[in-house]
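# Working through the structure, step by step
The residues making up each chain are set out below.
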Amino acid sequence: MEQFSLYAFDDQKPVLEISVRDTEIGGRETVLGSMIIDLEILEKEKTHRMEGNLKDDAGTLSLLITVCSMTSDPPQPQQRSPSESSSPGSTPSADITPTISLQNTVNRQTIADQYKFIKSFKNLRDLGWLQVKVLKAHGLAAVDMGGKSDPFCVLELVNSRLQTQTIYKCLTPEWNKTFTFTVFDIHSVLEVTVYDENPDKKMDFLGRIAIPLLKIRPGERRWYQLKDARLMSRGKGVIQLELDFVFNTLKAVVRTFNPREPKYTSPEPKFRVSIMKRNIDRVSKIAQSVVETGKFVRSCFNWDSKPRSAVAFAVFIVMILCLELYMIPASLAAVFLKNLLVLNIVEGFKMEKEANESADDDFDEDEDLEKAEKSKGFVEKLQSIQDVCLQVQESMDQVATLAERAKNALTWKVPWLSSLGLFVLIVVTVLLYFVPLRYIILAWGVNKFTKKLRSPNAVDNNELLDFLSRVPSDKELVQFRELKPEAAIQAAIRKKQQ
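Residues numbered from 1 in each chain as written. Predicted model: local features only at pLDDT ≥ 70, side-chain atom pairs only at ≥ 80, totals over all residues. Heavy atoms only, no water.

To continue, consider the overall build of the protein chain. The number of helices and strands found in the protein chain is 11 helices and 13 strands. Put simply, the protein chain has 498 residues, and 34% of those count as buried. Residue pairs at least 24 apart in sequence account for 68% of intrachain contacts in the protein chain once pairs closer than 6 positions are excluded. Taken as a whole, the protein chain presents about 32,100 Å² of accessible surface, with 59% of it coming from carbon and sulfur. (Helix = DSSP H or I, 4+ residues; strand = E, 2+ residues; numbered from the N terminus. Buried < 20%, exposed > 50% of the residue type's maximum accessible area, 1.4 Å probe, protein only. Contact = heavy atoms within 4.5 Å. Areas by Shrake-Rupley, 256 points an atom, 1.4 Å probe, with all protein chains shown as cover.)

Shown next as structure tokens:
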């Protein structure tokens, strides 16, 4: 996967020429194939997935192409109450506290009507609409000589990527740019990254935020604290966004139990000692929980506590004599309800700690340091060792992530998903109570055997794993955590707007 940013000017032809070349030792290049794409036929401000054939049957090329306009939208007038009126020439007030915008209500209602429940069976893939207004930023890091930066903003939603114009020599840019995305999975995460433009070298990173779509409050305009590149700790500066999100609930439920769309621009995993240690700790916690459960059961068998063992013995006899298959999902549903009750009680008596601090040191990663090659043989051996370690590292990560996702689903870290899981368990309980098991297995088998016949392009999947893939792991919860903007920046913004 390679990514390029190219600039087109008015005096140039709107065509993109692509050639695939083979570079030999000595710098000699051989053209393997080429293709030409007319950019005029592509809709702007939208990511297009394309499959192109190279000339002379040299193969095919898979592309994601986005054509962005490098101009800003005109600023929208704000509704102000008489108490907020000011003298002519003053700047409208823009406080740190979130506000709800009611602009373009008619247009939004038209879009919302497209995702009503009665239209659930039209265009099943298109299940939502997201609008992002990138307004301004404040207090960005200065990376250029002279204490300034040339910031621009990149928005990514899975494989869709859009970009604002660049504001030169500024630490408080105002982009006033509006973008819209077609949403195919409500569990996707919107990533907003601010970069510094460098024409002659790689762009500099200034800050990033990650916003799960389910956390969006429609029409809310607010300031977001930027984070570092790994989304683990506080960065420098804040950015103001206005987000609006509409989706169809039934389509979203169906999509939740289908495979998740892979992100093509995800970086290749690398072996790092710190990540290996972290994954070992994660797996160790899971193993420790299993061991503690085993010790508890053994203590009941050994009658270490007579009252506890007597109760456990009585519960065991009753369960075995009265056990029915429908009680298994019913028990899981009871766990969901218990955790929901505990969560409400805890939130009622204890305020959640503000997330103003950086993430735990457990998630810190070592910098990728590489030593100079001593010999080709040594490098090959080292690479083979790293490949094996990488496989172990990724396997442990998958095991730990799956366990963390299951735990977070049970503890209502994402209420929408936990509510869906509880509803499914209740439905399964009712089915197992009234419908014989053989008919349920028959329906499941018929669906699996005829899936390819009904839809040849269908992907075989495991619905439970697809559901769990939407639940964030512990690391992702830290990445998605919102940090409160620093008091100094809040004061500076208020002072600027006065």
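Right, picking up where we left off after that structure.
Glancing now at the packing of helix α3 (residues 273-301) against helix α4 (residues 306-322). Two elements in contact, α3 and α4, have axes separated by 8 Å at closest approach and are oriented at 95°. Between α3 and α4, the angle falls in the class roughly perpendicular. Here α3 contributes F296, S299 and C300 to the contact with α4, which in turn contributes R308, S309 and A312. Here the contact of α3 with α4 is built from residues that sort into 3 nonpolar, 2 polar and 1 charged. (Axes fitted to C-alpha atoms, helices over the stretch in contact; angles between N-to-C directions. Parallel < 35°, antiparallel > 145°, perpendicular 65-115°, else oblique. Nonpolar A, V, L, I, M, F, W, Y, C, P; charged D, E, K, R; others polar.)

The subject of this paragraph is the packing of helix α2 (residues 249-256) against helix α7 (residues 415-434). Two elements in contact, α2 and α7, have axes whose closest approach is 12 Å; the angle formed by their N-to-C orientations is 80°. The angle between α2 and α7 places the two elements in the roughly perpendicular class. Each of T249, A252, V253 and T256 in α2 lies in contact with α7, whose residues at this interface are W416, L417 and L420. When the residues that make up the contact of α2 with α7 are grouped by side-chain class, the tally is 5 nonpolar, 2 polar and no charged.

Glancing now at the packing of aromatic side chains. Aromatic ring pairs are reported here in terms of the distance separating the ring centres and the angle at which the planes meet. Inspection of every chain in the model, using the stated rule, returns 7 aromatic pairs. Here the aromatic rings of F257 and F467 are separated by 5.7 Å at their centres, their planes lie at 15°, and the arrangement is stacked. Of the two residues, F257 is situated in the loop between α2 and α3 and F467 in helix α9 (residues 463-469); the sequence distance between them amounts to 210 residues. Overall, F467 belongs to the buried group, its relative accessible area being 7%. (Phe/Tyr/Trp six-rings, centres within 6.5 Å; stacked < 30°, edge-to-face > 60°.)

Formed by 31 residues in total, the largest nonpolar core has its most connected members in L130, V134, L155, F181, L190, I239 and L241. Broken down by secondary-structure element, the contributors of at least two residues to this core are β6 (128-138), β7 (151-157), β9 (174-183), β10 (189-196), β11 (204-212), β12 (220-227) and β13 (234-247). For V134, the residues in contact, after removing those within four places along its chain, are C153, L155, T164, W175, N176, K177, F179, I239, Q240 and L241. (Core = buried A, V, L, I, M, F, W, Y, C linked by side-chain atoms within 4.5 Å.)

For helix α8 (residues 437-454), spanning 18 residues, the distance from its first C-alpha to its last is 25 Å, which sits close to the expected 26 Å at 1.5 Å a residue. Along α8, the helix axis deviates most sharply at K448, where the bend reaches about 30°. (Expected span 1.5 Å × (residues − 1). Bend = angle between axes of the 7 residues up to and from the residue.)

It is worth spelling out the confidence of the model for the protein chain at this point. Confidence in the prediction for the protein chain averages 79 pLDDT; 85% of positions are at 70 or higher. The secondary structure element of the protein chain with the lowest average pLDDT is strand β5 (residues 99-100), at 45, and the one with the highest is β10, at 94. The low-confidence segment residues 354-376 (pLDDT under 50) makes 38 contacts with residues lying over four places distant or belonging to another chain. (pLDDT = per-residue confidence, 0-100.)

Turning our attention to the pattern of salt bridges. Side-chain pairs of opposite charge can arise whenever the charged atoms involved come near each other. Counting across every chain of the model gives 13 salt bridges. Put simply, K407 and D474 hold a salt bridge, and the shortest N to O gap is 3.0 Å. Of this pair, K407 sits in helix α6 (residues 376-410) while D474 sits in helix α10 (residues 474-480), placing them 67 residues apart in sequence. By relative accessible area, K407 is classed as partly exposed at 39%. It is possible to trace a salt-bridge network through shared partners that takes in R217, E220, R222 and E482. (Salt bridge = Lys/Arg side-chain N within 4 Å of Asp/Glu carboxyl O.)

Within a regular beta strand, the side chains point alternately toward one face of the sheet and then the other, so they alternate between its two faces. Where strand β3 (residues 47-53) meets strand β4 (residues 60-66), 7 bridges bridge the pair, whose relative direction is antiparallel. Its bridge partner being in β4, E51 is matched across the sheet by S62. Where β3 hands over to β4, the hairpin turn is made up of 6 residues, of which D56 adopts a positive phi near 60°. (Pairing = 2+ DSSP bridges.)

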